[in-house]
Amino acid sequence: SQQGEEDPQALSIQEGENATMNCSYKTSINNLQWYRQNSGRGLVHLILIRSNEREKHSGRLRVTLDTSKKSSSLLITASRAADTASYFCATDGAAGNKLTFGGGTRVLVKP
Amino acid sequence: EAGVTQSPTHLIKTRGQQATLRCSPISGHTSVYWYQQALGLGLQFLLWYDEGEERNRGNFPPRFSGRQFPNYSSELNVNALELEDSALYLCASTWVAWGSNQPQHFGDGTRLSIL
C-alpha cells in the first residue's frame, strides 16, 4: 500500500523555471527520501532528510520536511530538459527498513 | 565502483511458469531489498534480506520468495506466474541495516512480462 500522496501527479514547465512537488505521508518516520526515475528505469537517489531535520539542500534541489503536518516538498530550481523524469518520495519508518513510496510526480521540462 | 546490477533486463514468461530474477549489490553492501513496480499499483516493497536472512516481507503471496547468498547477491523467485505479476522488479542495496538512515541504491530493474 502507498504511504501517501504526491501532488501534483504531473507537472509541465519551461526550462529555467522552478518545479515544486509535494508529498504527504501517514505514519511516523525515521527519514524521508526523494528519488528520480527516468523512463521506467531504476531509481536514482536524490536526497535524504532525517526526521529531526527541517530543510536540506543538494545542488539545485531543496527539500523541506514538516513532521507535524506529515509532509515534504521537493523544489528543483532552474530546471533543465534533463530533469524530465518521475520523482518519488519514500519514507523509511520503524517497520524494518522498507521504503514506502508515494505515487510519484511526472515532470516534463520543455526546452 | 559498480552499482547494483540486475539480470536479466527483460524476461518473458507465460502463465503458470516460474521466474528467477537476480541481483548483485554494491560491493560492501550486506542488505538487499526487492520492490515491484506494476502499472497502477506503484512501487511496493516485496522482501528485505540481510546477512543471508529474510528480515521483512511485504504484502505478497508466498509464491514470491527469494534468498540471499553468502556473497550477498540475491535471487527473487516467482512461482505460478499470473498476468498481474507483469511489472518492473527493482533491487536495492545498503551497507548498514536497521534504521541507519542510509539511502537505498537501486539497480535498473528486470522487466517481467507474462503472456
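Everything quoted here is computed from the prediction, not taken from an experiment.

1. As for the interface of chain A and chain B
Then comes step 1: On the side of chain B, 24 residues touch chain A, which itself brings 21 residues to the contact.
Then comes step 2: In total, chain A and chain B occlude about 1800 Å² of area from one another, counting both sides; carbon and sulfur atoms represent 48% of this.
Then comes step 3: If you look at where chain A meets chain B, you find 1 salt bridge.
Then comes step 4: Arg41 of chain A is paired through a salt bridge with Asp108 of chain B; the nearest N and O atoms lie 2.7 Å apart.
Then comes step 5: Broken down by secondary-structure element, the contributors of at least two residues to the side of chain A that touches chain B are β4 (31-37), β5 (43-50) and β10 (99-101) of chain A.
Then comes step 6: Here the side of chain A that touches chain B is built from residues that sort into 7 nonpolar, 11 polar and 3 charged.

2. So, the packing of aromatic side chains
Then comes step 1: Scanning the entire structure with this criterion turns up 9 aromatic pairs over all chains.
Then comes step 2: Measuring from centroid to centroid gives 6.3 Å for Phe101 of chain A and Phe106 of chain B, while their planes differ by 70°, and the two rings are edge-to-face. In this pair, Phe101 of chain A is assigned in strand β10 and Phe106 of chain B in strand β10 (residues 105-106), connecting two distinct chains.
Then comes step 3: Geometrically, the ring pair formed by Tyr33 of chain B and Trp48 of chain B is stacked, given 5.8 Å between the ring centres and 10° between the ring planes. Here Tyr33 of chain B, found in strand β4 (residues 31-38), pairs with Trp48 of chain B, found in strand β5 (residues 42-50); they are 15 residues apart in sequence, far enough to count as distant. One exposure class covers both Tyr33 of chain B and Trp48 of chain B, and it is buried.
Then comes step 4: A network of ring pairs unites the aromatic residues Tyr35, Phe88 and Phe101 of chain A together with Tyr35, Phe45 and Phe106 of chain B as a single cluster.

3. What about the layout of surface pockets?
Then comes step 1: Here the largest pocket is characterised by a volume of approximately 590 Å³.
Then comes step 2: Phe88 of chain A together with Gln37, Ala38, Leu39 and Gly42 of chain B are, among the 28 residues lining the largest pocket, the residues nearest its centre.
Then comes step 3: Mapped by element, the contributors of at least two residues to the lining of the largest pocket are β9 (85-92) and β11 (105-110) of chain A together with β4, β5, β9 (87-94) and β11 (110-114) of chain B.
Then comes step 4: When residues of the lining of the largest pocket are assigned to their parent elements, the largest contribution, 3 residues, is made by β11 of chain B.
Then comes step 5: Residue composition of the lining of the largest pocket, by class: 8 nonpolar, 16 polar and 4 charged.

Rules of the game
- Along every chain, residues carry numbers that run from 1 in the direction the sequence is written.
- Each chain is given a letter, starting from A, and each ligand a number, starting from 1, according to the order in which they appear as written.
- Reporting of local features is limited, given that this is a predicted model, to residues whose pLDDT is at least 70; pairs of side-chain atoms are given and counted only at 80 or more, and all residues count toward the totals for whole chains, interfaces and linings.
- To obtain the side-chain values, all non-hydrogen atoms of the structure were included, while hydrogens and water were left out.
- In this analysis, two residues are considered to be in contact whenever any of their non-hydrogen atoms come within 4.5 Å of each other.
- Simply put, the buried area is the total loss of 1.4 Å probe accessible area from both parts when two parts are fitted together.
- Salt-bridge detection follows one rule: a side-chain nitrogen of Lys or Arg within 4 Å of a carboxyl oxygen of Asp or Glu.
- Every helix listed is a DSSP run of H or I at least four residues long, and every strand listed is a run of E at least two residues long, numbered separately from the N terminus.
- Residues are grouped as follows: nonpolar covers Ala, Val, Leu, Ile, Met, Phe, Trp, Tyr, Cys and Pro; charged covers Asp, Glu, Lys and Arg; every other residue, Gly included, is treated as polar.
- Only rings of Phe, Tyr and Trp enter the pairing, Trp through its six-membered ring, and a pair is recorded when the two centres are within 6.5 Å. The plane angle decides the type: under 30 degrees is stacked, over 60 is edge-to-face, the rest tilted.
- Whether a residue is buried, partly exposed or exposed follows from its accessible area with a 1.4 Å probe, protein chains only, as a fraction of its type maximum: under 20%, in between, or over 50%, in that order.
- Points on a 1 Å grid, built from protein atoms alone, make a cavity when a 1.4 Å probe fits but cannot get out and make a pocket when they are open with protein on both sides within 12 Å along at least 5 of 7 lines; residues with an atom within 4 Å of a point are the lining residues.
- Grid points are joined across faces, edges and corners, and a volume is the space filled by probe spheres set on the points.

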